[in-house]
Amino acid sequence: MALSAGTFAAGRRAAVAQAAPQGAQATKAGSPAQDAGLAVERYEPKSMLHVPETHVPRSRFPVIDFHTHITSAGGGGNPSAIHFSMDPANCLAVMDRKNIRTMVNVTGGYGDGLREAIGKLQTAHPGRFVVFTEPAWTRASDAGYSKFQADQIEDAFKAGAKGLKVLKNLGLFLREQGSQKLVPLDDPRFDPMWEAVGSRKMPVAIHTSDPEAFFLPIDRFNERWEELHAHPNWSFHGKDFPSDRELQEARRTVMRRHPRTQFVCLHVANSENLPYVSECLDSHPNMFVDIAARIGELGRQPRMARKFFDRYQDRIVFGTDASAGASTPQQTFGDALYEIYYRFLETEDEYFDYAPAPVPPQGRWRIYGLGLSEQVLRKVYGENAARLIGLSA
Ligand SMILES: [Zn+2]
């Protein structure tokens, strides 16, 4: 990517030039030592801090990773087909090394695909994998959808599904067939679905909205400029998208309307705004959060985050959003991913990378460990999730 924001580039160049040693500054402009044309995406500053670096190869307590994507549903034009993007045997090897007791594969689809995912994961390896179902989105505009969807939940429960995953497409992508109007997150057509999972004690893993910066212009003031530049289709600025707050409030309406149903709001619900998330947790006793792909947010506000973990220690679950592939390093499944999460939760290390990548992929900042107490670690690593999905503690 070429840097088009000239002032941003100039600012970086100035910073690099100032940091160069005396001798280097004396060389001619444009020489490799000064690198006057250094583009921001090539800049990989190494921290000069002399601070403790703790290696945490295994978690202090057994982990349930509540948020992983071993399978994906709906490929090849068949909405109930399932695709395995990770090999269960490879998952188990990483799990054994990293002290992960269970991986929750949230994107299990429905129908025949769901049965296949349950068979190859949950049934083949009891206790090590758990599979969630997903709504049949392609049917959402059909007459009779509400009953069809509630029946699908019952079918999924009988097949062994332990929860329901709702991707962020509800509220941001799902549109009416025909009019192409966005389907509101709190549309009453989903009420029978929310009730059906509640009556079967299947928690809902729900991703709503996205980082606040994704709703702002992709300009030089956007703190996630590089991430949005790499993934321009992640932007929800302009067009007919609701605002972040409208989406958050619509989800609150759903939680209020279905008090028997437990909602795990993924990605800390709204990780840049912990006061707002606290307000939500205080007013919705059926709300929980996971921390998946948001240690980059929590770890840059370590004092507020530590208080948040202490206060809501019974309602936070461990998750990583672990996926195959390297395009989102903060989620790439493997040993390195888990070691960073463990370091963040267990140590008081300072100013370290939140993702195994040469440049912090979600924004150019680093994070600080929380040093959580044993009691909080035990709950967040596994006990809270075990209670939610009905596994023995
Ligand atoms: Zn996810």
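Note that the coordinates shown come from a computational prediction; the quantities given were computed from them, not determined experimentally.

S.K.: Honestly, the overall build of the chain in this entry has me stumped. Any pointers?
M.R.: The helix and strand tally for the chain stands at 14 helices and ten strands. In terms of C-alpha radius of gyration, the chain reaches 22 Å, essentially the compact-globule figure of 21 Å for 393 residues. Its C-alpha atoms give the chain principal-axis dimensions of roughly 75 × 50 × 40 Å. Within the chain, the fraction of its 393 residues that count as buried is 54%. Expressed as a percentage of contacts within the chain between residues at least 6 apart in sequence, the contacts between residues at least 24 apart total 73%. Carbon and sulfur atoms form 54% of the exposed surface of the chain, whose accessible area is close to 16900 Å². A distance of 1 Å separates the average location of the 46 positive side-chain charges in the chain from that of its 46 negative side-chain charges.

S.K.: Sorry if this is basic, but what is going on with the pattern of salt bridges here?
M.R.: Opposite charge on two side chains makes pairing possible when the charged atoms of those side chains draw close. One pass over the full model with this rule turns up 32 salt bridges. Here Arg60 ties to Glu374 by a salt bridge, and the two come within 3.4 Å at their closest N and O atoms. Taken together, the residues Arg60 in the loop between helix H2 (22-25) and strand E1 (63-68) and Glu374 in helix H14 (residues 374-389) connect sequence positions 314 residues apart. Judged by its relative accessible area of 38%, Arg60 is partly exposed. With a closest N to O distance of 2.9 Å, Asp353 and Arg366 form a salt bridge. One end of the pair, Asp353, is in the loop between helix H13 (335-346) and H14; the other, Arg366, is in the loop between H13 and H14, and 13 residues separate them in sequence.

S.K.: Would you mind showing me how to read the sheet that holds E1 here?
M.R.: Paired through backbone hydrogen bonds, the strands of a sheet run either parallel or antiparallel to each other. Pairing within the open sheet is parallel, and its three strands lie in the order E1-E4-E5. Edge strands, defined here as strands with exactly one partner in the open sheet, are E1 and strand E5 (129-131). Averaged over all neighbouring strand pairs, the angle between strand axes comes to 20°, with direction disregarded. Both strand E4 (residues 100-105) and E5 contribute to a ladder of three bridges, which runs parallel. By the bridge assignment, Val104 is partnered in E5 with Val130. Set on the sheet, helix H3 (residues 88-98) makes contact with E4 and E5; between it and E4 the angle comes to about 140°. Against the sheet, H14 contacts E1, E4 and E5, and its axis sits at roughly 65° relative to E1.

S.K.: Looking at this model, I keep getting lost on the pairing of E1. Mind explaining?
M.R.: In the case of a regular strand, side chains alternate between the two sheet surfaces. Counting buried positions over the six residues of E1 gives six, a clear majority of the element. One ladder, built from four bridges, connects E1 with E4; its direction is parallel. Directly across from Asp65, in E4, lies its bridge partner Met103.

S.K.: Just checking my understanding: could you explain the environment of Asp210 for this structure?
M.R.: Structurally, the position occupied by Asp210 is in the loop between strand E7 (204-206) and helix H8 (225-230). Overall, Asp210 belongs to the buried group, its relative accessible area being 10%. Sequence separation between Asp210 and Gln248 is 38 residues; the distance between their C-alpha atoms is 9.9 Å. With residues up to four places along the chain from it excluded, the contact list for Asp210 reads Lys168, Phe215, Phe236, Asp244 and Arg294. Side-chain polar atoms of Asp210 contact the side chain of Lys168, separated by 2.7 Å. There is a polar contact of 3.1 Å between the side chain of Asp210 and the side chain of His207.

S.K.: Hey, could you run me through helix H4 (residues 111-123) in this one?
M.R.: Three- or four-residue spacings in an α-helix give side chains the same orientation, since the helix completes a turn every 3.6 residues. Taken residue by residue, H4 has Gly111, Gly113, Leu114, Ala117, Ile118, Leu121 and Gln122 as its buried positions. In this fold, the buried residues of H4 make contact with strand E2 (71-73), strand E3 (82-84), H3, E4, E5 and helix H5 (145-159).

S.K.: Hey, could you run me through helix H7 (residues 191-199) in this one?
M.R.: By the burial criterion, the buried members of H7 are Asp191, Met193, Trp194, Ala196, Val197 and Gly198. Considering only its buried residues, H7 is in contact with H5, strand E6 (164-166), helix H6 (169-172), E7, helix H9 (244-257) and strand E8 (263-265). Phi turns positive, to about 55°, at Lys201, one or two residues after H7.

Conventions and cut-offs
- Each chain carries its own residue numbering, running from 1 in the direction its sequence is written.
- Local features in this predicted model are restricted to residues whose pLDDT is 70 or higher, and side-chain atom pairs enter the listing and the counts only when it is 80 or higher, whereas totals over whole chains, interfaces and linings include all residues.
- Excluded from the side-chain calculations are hydrogens and water; all other atoms, namely the structure's heavy atoms, are used.
- Secondary structure counts use DSSP, requiring at least four H or I residues in a row for a helix and at least two E residues in a row for a strand, with both numbered from the N terminus.
- Note that the radius of gyration is over C-alpha atoms, with the globule rule given as 2.2 Å times the number of residues to the power 0.38.
- Accessible area is worked out with a 1.4 Å probe on protein chains only. A residue is then buried under 20% of its type maximum, exposed over 50%, and partly exposed in between.
- Here, residues are in contact when the closest pair of their heavy atoms is within 4.5 Å.
- Each accessible area value is a Shrake-Rupley result obtained with a 1.4 Å probe; residue values ignore everything except the protein chains displayed when judging cover.
- Counting rule for charge: Lys and Arg are taken as positive, Asp and Glu as negative, and neither His nor the chain ends is counted.
- Throughout, a charge is located at the NZ atom of Lys, the CZ atom of Arg, the CG atom of Asp or the CD atom of Glu.
- Salt bridges are identified by distance alone: a Lys or Arg side-chain nitrogen within 4 Å of an Asp or Glu carboxyl oxygen.
- Only when DSSP finds a minimum of two bridges between them are two strands counted as paired.
- Orientation is described by axes fitted as lines to C-alpha atoms, over the contacting stretch for helices, and by angles from 0 to 180 degrees between their N-to-C directions.
- Polar contact is defined as a pair of N or O atoms within 3.5 Å, subject to the rule that within protein one atom must be able to donate a hydrogen and the other to accept it, and that residues adjacent in sequence are counted only when both atoms are side-chain atoms.

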